[in-house]
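As a plain string of letters, each chain reads:
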Amino acid sequence: VAVTSKGRWTVGLIVGAIAALYLALAPAAADAWTLSFFLMLMTAIALVDLETTFIPDVLSVPLLLGGIAFSPFSEGPSDGAAGALLAWGLMAASFLAVSLRRREFVYSGGDAILAAAGGSIVGLAGVPPFLLVCGVTTLILFAMPAMAERRMPWGPVMCISIAATAAGGLGFFFKPLA
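Remember, it's a predicted structure, so these values are computed and weren't measured experimentally. (Residues numbered from 1 in each chain as written. Predicted model: local features only at pLDDT ≥ 70, side-chain atom pairs only at ≥ 80, totals over all residues. Heavy atoms only, no water.)

Engineer: Help me understand the packing of helix α3 (residues 57–70) against helix α5 (residues 109–122) in this model?
Structural biologist: A packed helix pair is summarised by two numbers, namely the angle formed by the two axes and the spacing between the axes. As a packed pair, α3 and α5 sit with axes 7 Å apart at the nearest point and diverge in direction by 25°. Overall, the two elements α3 and α5 adopt an arrangement that is roughly parallel. In terms of crossing hand, the pair formed by α3 and α5 is left-handed. The residues of α5 that touch α3, namely those facing D57, S60, V61, L63, L64, G67 and I68, are I113, L114, A116, A117, S120 and I121. Across the contact of α3 with α5, the residue classes break down as nine nonpolar, three polar and one charged. (Axes fitted to C-alpha atoms, helices over the stretch in contact; angles between N-to-C directions. Helix = DSSP H or I, 4+ residues; strand = E, 2+ residues; numbered from the N terminus. Parallel < 35°, antiparallel > 145°, perpendicular 65-115°, else oblique. Left-handed = near helix turned anticlockwise from the far one by under 90°. Contact = heavy atoms within 4.5 Å. Nonpolar A, V, L, I, M, F, W, Y, C, P; charged D, E, K, R; others polar.)

Here it is as structure tokens:
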């Protein structure tokens, strides 16, 4: 059974609403549930972005706020907020650099918010490996012949990179020595 574009949007928005409700009401100790909702939100974001090349705020903002408040991969809300700011700033700077190089406006607010959400989930120390994994994954995809003439949505790449960085504990290598 093929899922229509309207069906994907509906599923994405329902998952986003449920996740936002959960993140607003859940206790901070429920790490397994938090991770489940992070993964559900990232899956919904990836599917919607693949279909439409648009990341709706109703999905990315709950992921960002949930990452700051509940992420078990950061050192707490202040670390999550710092990671979010760094990831957002680096993504915005890269969009600016590409815009200047291509002489056209390529900034995407949804991608920058998703990068901030990734930074909030992996924490400040996890931002460098998150963006490195994102860059390497992008280079691999651009090397594929089928991608040469196609506009690539960033959402799936960033969601994979967030999950890989968090699951691999890659932020460990960037934590300051005590």
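Engineer: Would you explain the layout of surface pockets in this entry?
Structural biologist: One way to see where empty space is left: roll a probe the size of a water molecule over the atoms. There is about 190 Å³ of room inside the second largest pocket. Lining the second largest pocket are 17 residues, with F73, V122, A125, G171 and K175 positioned closest to its centre. When its residues are assigned to classes, the lining of the second largest pocket shows nine nonpolar, five polar and three charged. (1 Å grid on protein atoms, 1.4 Å probe; cavity = no way out; pocket = protein on both sides within 12 Å on 5 of 7 lines; lining within 4 Å. Points joined across faces, edges and corners; volume = space filled by probe spheres on them.)

Engineer: How do you make sense of α5 when you look at a structure like this?
Structural biologist: Helical geometry: 3.6 residues make up each α-helical turn, so side chains three or four residues apart lie on a common side. In a regular helix each residue adds 1.5 Å, so 14 residues correspond to 20 Å; α5 covers 20 Å between its end C-alpha atoms and thus fits that length. Every buried residue belonging to α5 is among G110, D111, A112, L114, A115, A116, A117, G118, G119, S120, I121 and V122, and all of these are buried. Directly after α5, the chain includes G123, whose backbone phi takes a positive value near 80°. (Expected span 1.5 Å × (residues − 1). Buried < 20%, exposed > 50% of the residue type's maximum accessible area, 1.4 Å probe, protein only.)

Engineer: What is the right way to look at the state of the cysteines in this model?
Structural biologist: Among covalent bonds in proteins, the disulfide is the one between the sulfur atoms of two cysteines. Evaluation of the coordinates by the stated rule reveals zero disulfides. No disulfide involves C134; its sulfur sits 9.6 Å from that of C159, the nearest cysteine. Accessibility expressed as a relative area gives 5% for C159, which makes it buried. (Disulfide = S-S within 2.5 Å.)

Engineer: Looking at this structure, I do not really get unusual backbone geometry. What am I missing?
Structural biologist: Among all residues except glycine, the phi angle is most often negative; among peptide bonds, the trans geometry is most common. Non-glycine residue T53 carries a positive phi angle of around 55°. Summarising the element assignment, T53 is placed in the loop between α2 (31–52) and α3. When its relative accessible area of 38% is taken as the criterion, T53 is described as partly exposed.

Engineer: For this particular structure, what's the right way to read the packing of helix α6 (residues 127–143) against helix α7 (residues 154–168)?
Structural biologist: Running from N to C, α6 and α7 point in directions that differ by 135°, and their axes come no closer than 8 Å. With respect to each other, α6 and α7 are oriented oblique. For the element pair α6 and α7, the recorded crossing hand is right-handed. Seen from α6, the contacting residues are P129, F130, V133, C134, T137, T138 and L141; seen from α7, they are W154, V157, M158, S161, I162, A164 and T165. Looking at the contact of α6 with α7 residue by residue, the classes come out as ten nonpolar, four polar and no charged.

Engineer: Please clarify how the environment of P128 should be interpreted in this entry.
Structural biologist: One can find P128 in helix α6. Judged by its relative accessible area of 32%, P128 is partly exposed. A C-alpha to C-alpha distance of 9.6 Å links P128 and T165, two positions 37 residues apart in sequence.

Engineer: So what exactly am I meant to see when it comes to the environment of A87 here?
Structural biologist: Along the chain, the position of A87 falls in helix α4 (residues 77–102). Judged by its relative accessible area of 0%, A87 falls in the buried class. The spatial distance from the C-alpha of A87 to the C-alpha of A115 is 5.6 Å, given a sequence separation of 28 residues. In contact with A87, other than residues within four places in its own chain, are A115, A116, G119, V127 and F130.

Engineer: I tried to follow the environment of L50 on my own but got confused; where do I start?
Structural biologist: Residue placement: L50 occurs in helix α2. Residue L50 is classed as partly exposed on the basis of its relative accessible area of 46%. For the pair L50 and P153, spaced 103 residues apart in sequence, the C-alpha to C-alpha distance is 6.1 Å. What L50 contacts, discounting residues up to four positions off in sequence, is P153 and P156.

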